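What follows is the residue order along each chain.
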Amino acid sequence: MPPSTLLRTETGNDPACYRCADPRALFTIDQHPPRNDQPAHGDEWDWVLAAPFRAHVRRVLTEEPLPWRAFAGHALVPDNVVRRLLGLQVPPARRIPPHYARALFGIDGEGLRKSLARVVAPDELVQAARTLHDAGWLLGDIAWAGDLPEQHLAALLQGADWWVTHRNTLLLTAAVRAHGLEPDLDEPLDPTSAAA
């Protein structure tokens, strides 16, 4: 049986036990050596169930509307993880790495609202705006993407030291990543998550 069909059993805490799609077959790690994405005997498991974290992210985004890419940037989680978690243009992930789950679960609606309103230095926003401008974006489109007045953005690009909010910065950096102008920190999700 190919290792890709093996799943961790939900019945115990022993990471060495796996079951395959056929419930009659039970294997241990000694019978099937682990792949690179499966833990060795005695190691902590590399994946957690995605459903509770998907519900949490959806609830937070309902409380404080924000594009999913900007939310991923705020959580310091790769766009691919949030896109797969929410099932946007792909089947929803069944499992996610625990460190991303902790990062996503650490954000609540009230904390996100306060963070988005926080005033930050314009350096990151100006860099993102210049990247978009170099890629052929018009100043009005960049201002719209960052939820800024066009005159404010023009002054920032000319060196004005005006304030911007964390929300403005997240929106523009998300636009840069969305158009492939800056690589995302994409890490592969669970390769078996699409398997039935």
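A.B. asks: Is there a simple way to think about the overall build of the protein in this case?
C.D. replies: Within the protein, the regular secondary structure consists of 9 helices and 7 strands. Within the span of the protein, comprising 196 residues, buried residues form 44% of the whole. Element-wise, carbon and sulfur atoms account for 56% of the exposed surface of the protein, whose accessible area totals about 10900 Å².

A.B. asks: Please explain unusual backbone geometry as it appears in this structure.
C.D. replies: Only a minority of non-glycine residues have a phi that is not negative, and only a minority of peptide bonds are not trans. Positive phi is not limited to glycine here, since Gln89 has a value of about 65°. Within the fold, Gln89 resides in the loop between helix 3 (79-86) and strand 5 (95-96). The class of Gln89 is exposed, set by a relative accessible area of 80%. If you check the backbone angles, Asp147 has positive phi at about 55° while not being a glycine. By the secondary structure assignment, Asp147 is in the loop between helix 7 (139-145) and helix 8 (150-157).

A.B. asks: Help me out: how do you make sense of helix 1 (residues 51-63) in this one?
C.D. replies: Because an α-helix packs 3.6 residues into every turn, residues spaced three or four apart end up facing the same way. Taking 1.5 Å of rise per residue, the 13 residues of helix 1 would be expected to cover 18 Å, and the 19 Å separating its terminal C-alpha atoms lies within 8% of that figure. Among the residues of helix 1, Phe53, Arg54, His56, Val57, Val60 and Leu61 are the ones counted as buried. Here the buried residues of helix 1 occupy an arc of 160° about the axis, which is enough to place them on one side. Against strand 4 (48-49), helix 2 (68-75), helix 3, strand 5, helix 4 (98-105) and helix 5 (109-117) lie the buried residues of helix 1.

Definitions and cut-offs
Residues numbered from 1 in each chain as written. Predicted model: local features only at pLDDT ≥ 70, side-chain atom pairs only at ≥ 80, totals over all residues. Heavy atoms only, no water. Helix = DSSP H or I, 4+ residues; strand = E, 2+ residues; numbered from the N terminus. Buried < 20%, exposed > 50% of the residue type's maximum accessible area, 1.4 Å probe, protein only. Areas by Shrake-Rupley, 256 points an atom, 1.4 Å probe, with all protein chains shown as cover. Expected span 1.5 Å × (residues − 1). Arc of directions from axis to C-beta. Contact = heavy atoms within 4.5 Å.

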